Amino acid sequence: MGKETLTITDNRTGKTYEVPIEHGAIRGMDLRQIKVSEDDFGLMSYDPAFMNTASCKSTITFIDGEKGILQYRGYPIEQLAERSTFLETAFLILHGELPTRAQLDEWTYHITHHTMIHENIKKFMDGFHYDAHPMGILVGTVGALSTFYPDAKNIMDPANREKQIYRLIAKMPTMAAFAYRHSLGMPYAYPDNDLTFAGNFLNMLFKMTEMKYKPNPVLERALDVLFILHADHEQNCSANAMRSVGSSHVDPYSAVAAATAALYGPLHGGANEAVLRMLREIGSKDKVPEFVKKVKAREALLMGFGHRVYKSYDPRAKVIKNLAYQIFQERGTNPLLEIAIELERIALQDEFFVKRKLYPNVDYYTGMIYEAMGFPVEVFPVLFAIGRTPGWIAQWQEMLLDSEQKIARPRQLYVGSGKRDYVPIEQRR
Ligand code: ACO
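On a predicted model such as this, the values are computed, not experimentally measured, just so you know.

What counts and how
Residues numbered from 1 in each chain as written. Predicted model: local features only at pLDDT ≥ 70, side-chain atom pairs only at ≥ 80, totals over all residues. Heavy atoms only, no water. Helix = DSSP H or I, 4+ residues; strand = E, 2+ residues; numbered from the N terminus. Rg over C-alpha atoms; globule rule 2.2 N^0.38 Å. Buried < 20%, exposed > 50% of the residue type's maximum accessible area, 1.4 Å probe, protein only. Areas by Shrake-Rupley, 256 points an atom, 1.4 Å probe, with all protein chains shown as cover. Phe/Tyr/Trp six-rings, centres within 6.5 Å; stacked < 30°, edge-to-face > 60°. Lys NZ or Arg CZ within 6 Å of the ring centre and 35° of its normal. Core = buried A, V, L, I, M, F, W, Y, C linked by side-chain atoms within 4.5 Å. Contact = heavy atoms within 4.5 Å. Pairing = 2+ DSSP bridges. Near = heavy atom within 4 Å. Polar contact = N/O pair within 3.5 Å; in protein donor to acceptor, adjacent residues only side chain to side chain. Nonpolar A, V, L, I, M, F, W, Y, C, P; charged D, E, K, R; others polar. Salt bridge = Lys/Arg side-chain N within 4 Å of Asp/Glu carboxyl O. Expected span 1.5 Å × (residues − 1). Bend = angle between axes of the 7 residues up to and from the residue. Domains from an automatic or database assignment.

Undergrad: Please provide a residue-by-residue account of the overall build of the protein, values included.
TA: Of regular secondary structure, the protein possesses 17 helices and five strands. For 429 residues, the compact-globule formula gives about 22 Å, and the C-alpha radius of gyration of the protein, at 24 Å, lands near that figure. Seen through its C-alpha atoms, the protein measures out along the principal axes to roughly 80 × 70 × 60 Å. A buried classification covers 49% of the 429 residues belonging to the protein. For the protein, the accessible area works out to roughly 22000 Å², and carbon and sulfur atoms hold 55% of it.

Okay, structure coming up:
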């Protein structure tokens, strides 16, 4: 192999530059030496939506989008989904290694004992309108936590960070469940420390008048696996929001509020809700070809298909498809499944989708599973946010400890008007 450098010739000046290649990338700042004159700012790269720009070095999650590979800290997602638990995976993502038994017990103890929220947070939630979307409530409430824990500003103290990490992972499900109960006008169900992370979340959502809530073990495990599958996904829109907002050195609650807001969008965590709507609109299996025609005519998007990174089957979607059958066996099938399978079958054979490498993403089947598990549609993105919290925090912590990182501040190419003089209002046309 030749030298790990790139030679660039600037045809404007005829000058040649040699810049190093590291990990298959050149440094954007190395372009700045390329100038046409001394007072030239220097060459920049233009990359809207970060299509080909690495914003960080990371050791957390590896994705090979062409081969459909997803690994957390080197461990394949399929193995974690089969053998790990969400809290163990969260530890792995945050600490880099699988925990020993003693570490896992301590970690679980801390998360379990930080699930309560201040009664004033409850009052704060009461202020939301009766039909407020739980995700909107979650965004506001997690942001508000920063005012309850002013010590969280001390982000450079590792012990302090650890405490906020326990709080965030533990309290997200409590706030999410309370947001849901608020939307139903039901009294809040408090955390139960005897239950697992997923079991307790089901308890806080669905407990009625029984003395002790007993989660259905199949649904409890399925939810735990779904949390594992969502725990991190490297530099996606919400992780990027977390890093970008966190780079101003704001407290982690404010940064998680930003990440949660990013996740709320229909092109990100809101897609599973959109998939259900799409399947309902299609209505029956025989209408699938007609819908595919509409997608090809650019009149609709096939929601739950396509991904910026995956250009083959999303490995999470594969695990989820199998999980779907277990859940449907337990809870009865979702009538939309038949339409979804037919839509997937037709799309995967169609030139339009094949050429663009459009495959089902994580959201294609999750909506149907969540619905079969008894979750209302508004809770779907909230489930995603709970699962993604360890990933966001790990990304944030990695950014803080990376000596190459600074406040995130992209450049722009200004293409607006040149200097002009202010025109008094009476003279404007
Ligand atoms: N349906 C129809 N056409 C699509 C779809 C889709 N779902 N996704 C992409 N395409 C087409 C685009 O029109 C484009 O075609 P063109 O090259 O002829 O113009 C081509 O495929 C490439 O797509 P881009 O939009 O450039 O891909 P990008 O990486 O920007 O978008 C995204 C990725 C946002 C996920 C997109 O595929 C999409 O909108 N999918 C539907 C929404 C969805 O399922 N989101 C969930 C993503 S997973 C997650 O966030 C958890």
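Now, onward.
Undergrad: Any chance you could break down the packing of aromatic side chains for me, citing the residues and the numbers?
TA: For the structure shown, the criterion picks out 19 aromatic pairs. Ring centres of Phe-86 and Phe-227 lie 5.3 Å apart, and the angle between their planes is 50 degrees; on these two criteria the pair is classed as tilted. Here Phe-227 lies in helix H8 (residues 217-230) and Phe-86 lies in helix H2 (residues 86-95), a separation of 141 residues in the sequence. In this structure, Phe-86 and Phe-227 share a single accessibility class: buried. Aromatic rings pair up to connect Tyr-180, Phe-206, Tyr-370, Phe-375 and Phe-380 into one cluster. Over the face of the ring belonging to Phe-352 we find Arg-356, whose NZ or CZ atom lies 4.0 Å from the ring centre.

Undergrad: Now, about the nonpolar core: what can you tell me, with residues and values included?
TA: The biggest cluster of nonpolar side chains holds 119 residues, and the ones touching the most others in it are Trp-107, Phe-201, Met-278, Leu-302, Leu-343, Met-373 and Phe-375. Leaving out residues up to four positions away in the same chain, Phe-375 has contacts with Phe-201, Leu-202, Leu-205, Phe-206, Leu-223, Tyr-370, Phe-380 and Leu-383. One finds Ile-8, Tyr-17, Val-19 and Leu-31 within the second-largest nonpolar core, a separate group that totals five residues.

Undergrad: I'd love a proper account of the side chain of Thr-174, names of residues and values included.
TA: If you trace the backbone, Thr-174 turns up in helix H6 (residues 158-184). What makes Thr-174 buried here is its relative accessible area of 1%.

Undergrad: Outline the pairing of strand S3 (residues 61-64), listing residues and values.
TA: Bridge count between S3 and strand S4 (residues 69-72): four bridges; the pairing is antiparallel. By the bridge assignment for S4, Asp-64 is matched with Ile-69. Connecting S3 to the antiparallel partner S4 that follows it, the hairpin turn spans four residues, and Gly-68 within it adopts a positive phi of roughly 70 degrees.

Undergrad: For the site of the ligand, give the residues involved together with the corresponding values.
TA: Around the ligand lies a shell of 20 residues, among which Arg-298, Leu-302, Gly-304, Arg-308 and Asn-361 are the nearest. In the environment of the ligand, a nitrogen atom lies 2.7 Å from a nitrogen or oxygen atom belonging to the backbone of Leu-302. Relative to its unbound accessible area of 920 Å², the ligand is 73% covered by the protein chains. Residues that form the shell around the ligand fall into these classes: eleven nonpolar, five polar and four charged.

Undergrad: Can you tell me about the sheet that holds S3, naming the residues and giving the values?
TA: Working definition: the strands of a sheet are paired by backbone hydrogen bonds and lie parallel or antiparallel to each other. As summarised here, the arrangement of the three strands in space is S3-S4-S5, forming an open sheet in which the pairing is antiparallel. The strands lining the two open edges of the sheet, one partner per strand, are S3 and strand S5 (75-76).

Undergrad: So what's going on with the pattern of salt bridges? Residues and values would help.
TA: Within this structure, the stated rule accounts for 22 salt bridges. Here Asp-194 ties to Lys-212 by a salt bridge, and the two come within 2.8 Å at their closest N and O atoms. Taken as a pair, Asp-194 in the loop between H6 and helix H7 (197-206) and Lys-212 in the loop between H7 and H8 lie far apart in primary sequence, 18 residues in all. The exposure class of Asp-194 is exposed, given its relative accessible area of 60%. Under the relative-accessibility criterion, Lys-212 is labelled partly exposed at 42%. Between Arg-345 and Glu-342 there is a salt bridge, with the nearest N and O atoms lying 3.0 Å from each other. Within this pair, Arg-345 and its partner Glu-342 are both found in helix H14 (residues 336-349), separated by three residues, close to a single helical turn. By relative accessible area, Glu-342 is classed as buried at 14%.

Undergrad: Describe in detail H6, supporting the description with residues and values.
TA: With 27 residues, H6 should reach 39 Å at 1.5 Å per residue; the first-to-last C-alpha distance of 39 Å fits that figure. Where H6 bends most, the angle comes to about 35 degrees, and this point is Lys-171, followed within four residues by the proline Pro-173. Among the 27 residues in H6, 21 count as buried, and that is most of the element. You can read the cap of H6 off the contacts: a side-chain oxygen lies 3.2 Å from the backbone nitrogen of Ala-159, and it is on Asp-157. Phi turns positive, to about 75 degrees, at Gly-185, one or two residues after H6.

Undergrad: Explain the domain arrangement of the protein to me, using residue names and the numbers behind them.
TA: Domain boundaries assigned for the protein yield domain 1 (1-45) and domain 2 (65-237). Computed from C-alpha coordinates alone, the two centres of domain 1 and domain 2 are separated by 45 Å.

Undergrad: Talk me through unusual backbone geometry; I want residue IDs and the actual numbers.
TA: Only a minority of non-glycine residues have a phi that is not negative, and only a minority of peptide bonds are not trans. Backbone geometry places His-249, a non-glycine residue, at a positive phi of 70 degrees. Within the element layout of this structure, His-249 appears in the loop between helix H9 (237-246) and helix H10 (252-264). With a relative accessible area of 44%, His-249 lands in the partly exposed category. Positive phi, close to 55 degrees, is recorded for Lys-357, a residue that is not glycine.

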